[in-house]
Amino acid sequence: MDENAFKTALSTTQIPVLVLDQKWHRLFAISGKPKEVAECEKKLRDLLALQGKVNTDLKNLKKLKAQLMQDIMENMGDDNTPKTPEVQKKMDEDKRLIDEANYKTEELEDQLLDLPAEIKKINNELMLLTMSFCYSKLRTNQDEVNEISDWIDRFRVELKKNIIRKQNREINNREIYAYMHDIFGKDVINLFDMRFDEIEAQEKKERELEAEKKKSEGTTD
């Protein structure tokens, strides 16, 4: 797919608002969010907060206008004229506030019309950054998987070789011991077994003493 076809396909795809999706946040649970992702996320959150504020301001303006209109109606006499000069002054102020509210309402409605497109734009930018991060992570993880798989394969080969070596040495030891019994007899072998057991015990003790000595010298230093 060429670049133009790719962009066209993306433009016709409906992307959810990413920062509102908990699964999107889980994509960064291990590595954390890269700087560019975090910055784009903040832009999107700011736009969503602004959209919410504009909607709230519009609702409040509508309530204010309704209240002002109600006040004007209540201050009108039976002949649709103000009851007193003071009431006229109050009605004039209410009308001024209504005009001001109408002007502010138009501004907010225009802003509200522009916000969805801006939110979609930043959300798409965040999507592209997310995809770049995820596919990079997928490649890195796959490289590590391949490396570990290669190590496991090598280990299996070495393990099989060492198992064969171990079995061969054990067989060779049994053969040597059996031939020694046949050649020298049980009594002689028992004597040598005792002798070599003593030698091994003495060598083990010497190794332990040497290890303790080195450990003591290291602690002293």
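It should be emphasised that the depicted structure is a prediction, and the values quoted were computed from it without experimental measurement. Each chain carries its own residue numbering, running from 1 in the written order of its sequence. Reporting in this predicted model follows two pLDDT cut-offs: at least 70 for local features of residues, and 80 or more for side-chain atom pairs to be given and counted; totals over whole chains, interfaces and linings ignore these cut-offs and use all residues. As a convention, hydrogens and water are excluded, and side-chain values are obtained from all of the structure's heavy atoms.

### Let's talk about the overall build of the protein chain
Heads up, the rule is: The helix and strand labels rest on DSSP assignments: H or I over at least four residues marks a helix, E over at least two residues marks a strand, and numbering proceeds from the N terminus. Here the term buried applies to any residue with accessible area under 20% of the maximum for its type, exposed to any over 50%, and partly exposed to those in between, with areas from a 1.4 Å probe on protein chains only. The contact rule is simple, with two residues in contact once any of their heavy atoms fall within 4.5 Å. Shrake-Rupley sampling with a 1.4 Å probe provides the accessible areas, and residues are treated as covered by the protein chains on show and by no other component.
When its secondary structure is counted, the protein chain shows 5 helices and 0 strands. Going through the 221 residues of the protein chain one by one, you find that 15% of them count as buried. Considering only contacts within the protein chain whose residues lie at least 6 apart along the sequence, 70% involve residues at least 24 apart. Looking at the protein chain as shown, the accessible area adds up to about 17,700 Å², and 55% of this sits on carbon and sulfur atoms.

### Here's the deal with the packing of aromatic side chains
Formally: Stacked, tilted and edge-to-face are the three classes assigned to paired rings of Phe, Tyr and Trp, where Trp is represented by its six-membered ring and a pair needs centres within 6.5 Å; plane angles under 30 degrees give stacked, over 60 edge-to-face, the rest tilted.
One pass over the full model with this rule turns up 4 aromatic pairs. Between Trp 24 and Phe 28, the aromatic rings sit 5.2 Å apart at their centres with planes inclined by 70°, giving edge-to-face as the arrangement. On the basis of an interplanar angle of 15° and a centroid distance of 5.2 Å, the ring pair of Trp 151 and Phe 155 is categorised as stacked. With Trp 151 and Phe 155 both in helix H4 (residues 85-184) and 4 residues apart, the pair spans about one turn of that helix. Judged by its relative accessible area of 42%, Phe 155 falls in the partly exposed class. A connected cluster of aromatic rings, assembled from ring pairs, spans Trp 24, Phe 28 and Phe 133.

### Examining a negative patch on the surface
The condition that has to hold: The residues that make up patches have over 30% relative accessible area and no salt bridge, and they are joined within 9 Å when like-charged or within 5 Å when they are Val, Leu, Ile, Met, Phe, Trp or Tyr. Only one rule defines a salt bridge in this text: a Lys or Arg side-chain nitrogen within 4 Å of an Asp or Glu carboxyl oxygen. By the counting scheme adopted, Arg and Lys are positive, Glu and Asp are negative, and His together with the chain ends is not counted. For the purpose of locating charges, the reference atoms are NZ of Lys, CZ of Arg, CG of Asp and CD of Glu.
A cluster of acidic residues, Glu 106, Glu 109, Asp 110, Asp 114, Glu 118 and Glu 125, forms a negative patch on the protein surface. The residue Asp 110 is located in helix H4 in this model.

### Some points on the environment of Ala 38
For Ala 38, the position within the fold is in helix H3 (residues 35-74). The class of Ala 38 is partly exposed, set by a relative accessible area of 35%. For the pair Ala 38 and Leu 126, spaced 88 residues apart in sequence, the C-alpha to C-alpha distance is 9.1 Å.

### Here we look at the nonpolar core
Rule in force here: Grouping buried Ala, Val, Leu, Ile, Met, Phe, Trp, Tyr and Cys residues that are joined through side-chain atoms within 4.5 Å yields what is termed a nonpolar core.
The biggest cluster of nonpolar side chains holds 20 residues, and the ones touching the most others in it are Trp 24, Leu 44 and Leu 126. Looking at this core, the element that brings in the most residues is H4, giving 9 residues. When residues no more than four places from it in sequence are discounted, the contact partners of Trp 24 are Leu 18, Val 19, Lys 33, Val 37, Glu 41, Leu 126 and Thr 130.

### Side note on the layout of surface pockets
Going by this rule: A 1.4 Å probe that fits but cannot get out identifies a cavity on a 1 Å grid over protein atoms alone, an open set with protein on both sides within 12 Å along at least five of seven lines counts as a pocket, and a residue lines either if it has an atom within 4 Å of a point. Grid points are joined across faces, edges and corners, and a volume is the space filled by probe spheres set on the points. Amino acids outside the nonpolar list (Ala, Val, Leu, Ile, Met, Phe, Trp, Tyr, Cys, Pro) and the charged list (Asp, Glu, Lys, Arg) are all regarded as polar, and Gly is one of them.
In this model, the largest pocket occupies a volume close to 160 Å³. Together, Ile 15, Pro 16, Leu 18, Lys 23, Trp 24, Leu 27, Met 127, Thr 130 and Met 131 line the largest pocket. Secondary structure elements with two or more residues in the lining of the largest pocket: helix H2 (22-26) and H4. Among the elements that take part in the lining of the largest pocket, H4 stands out by supplying 3 residues, more than any other. The residue makeup of the lining of the largest pocket, split by class, is 7 nonpolar, 1 polar and 1 charged.

### Remarks on the pattern of salt bridges
Using the criterion set out here, one finds 10 salt bridges in the structure. Its salt-bridge partner being Asp 153, residue Arg 156 comes within 3.7 Å of it at the nearest N-O pair. On the criterion of helical spacing, the pair formed by Arg 156 and Asp 153 is a turn pair, its members being 3 residues apart in helix H4. Look at the salt bridges and you will find they share partners, linking Lys 33, Glu 41 and Arg 45 into a network.

### So, the confidence of the model for the protein chain
The condition that has to hold: Note: pLDDT gives the predictor's confidence per residue, expressed from 0 to 100.
Mean pLDDT over the protein chain works out to 86, with 88% of the residues at or above the 70 mark. The secondary structure element of the protein chain with the lowest average pLDDT is helix H1 (residues 3-11), at 67, and the one with the highest is H2, at 93.

### Quick notes on a nonpolar patch on the surface
A surface patch of nonpolar side chains, amounting to about 780 Å² of accessible area, comprises Tyr 179, Ile 183, Phe 184, Val 188, Leu 191, Phe 192 and Phe 196. Those elements giving two or more residues to the nonpolar patch turn out to be H4 and helix H5 (186-220). Per-element tally for the nonpolar patch: the top contributor is H5, with 4 residues. Looking at the element boundaries, Ile 183 is found in helix H4.

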